Amino acid sequence: MQLEKIDIEGLNGIYALNTIRKEFEKAVTERWKEEQPWQRYQKKLMQDLAVLDEEKEGAIDFP
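Structural notes, computed from the coordinates. (Residues numbered from 1 in each chain as written. Predicted model: local features only at pLDDT ≥ 70, side-chain atom pairs only at ≥ 80, totals over all residues. Heavy atoms only, no water.)

**Topic: the overall build of the chain**
Here is step 1 of the chain: Looking only at helices and strands, the chain features 2 helices and 2 strands.
Here is step 2 of the chain: Sequence-ordered secondary structure for the chain, helices as α and strands as β, is β-β-α-α.
Here is step 3 of the chain: Overall size of the chain, expressed as C-alpha extent along the three principal axes, is 35 × 30 × 20 Å.
Here is step 4 of the chain: Going through the 63 residues of the chain one by one, you find that 16% of them count as buried.
Here is step 5 of the chain: Across the chain, every contact between residues at least 6 apart in sequence was considered, and the portion connecting residues at least 24 apart equals 21%.
Here is step 6 of the chain: With the model as given, the accessible surface of the chain reaches about 5,200 Å², and the carbon-plus-sulfur share is 52%.
Here is step 7 of the chain: Taking the average place of the 10 positive charges on the side chains of the chain and the average place of its 14 negative ones, the gap between the two points comes to 6 Å. (Helix = DSSP H or I, 4+ residues; strand = E, 2+ residues; numbered from the N terminus. Buried < 20%, exposed > 50% of the residue type's maximum accessible area, 1.4 Å probe, protein only. Contact = heavy atoms within 4.5 Å. Areas by Shrake-Rupley, 256 points an atom, 1.4 Å probe, with all protein chains shown as cover. Lys, Arg positive; Asp, Glu negative; His and termini not counted. Charge placed at Lys NZ, Arg CZ, Asp CG, Glu CD.)

So this is what it looks like as structure tokens:
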């Protein structure tokens, strides 16, 4: 297994294991279902990825 960089608009340092990269990319790039709560889950995922991108290893110290 290897890490592969994922291109997500607005984020620079996001990587995933190559075995799950396609599913992970799909989770952050495709439009999720219109019904609740799916859009909220995707929004939270993107917020969490932004924190990881910004803080790197320091993100694990965030409350």
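From this point on, the discussion continues.
**Digging into the nonpolar core**
Here is step 1 of the chain: Ranked by size, the top nonpolar core spans 7 residues in total: I6, I8, L11, I14, A16, V28 and L49.
Here is step 2 of the chain: Ignoring sequence-local partners within four residues, the contact set of A16 consists of Q2, L3, E4, I6, R21 and F24. (Core = buried A, V, L, I, M, F, W, Y, C linked by side-chain atoms within 4.5 Å.)

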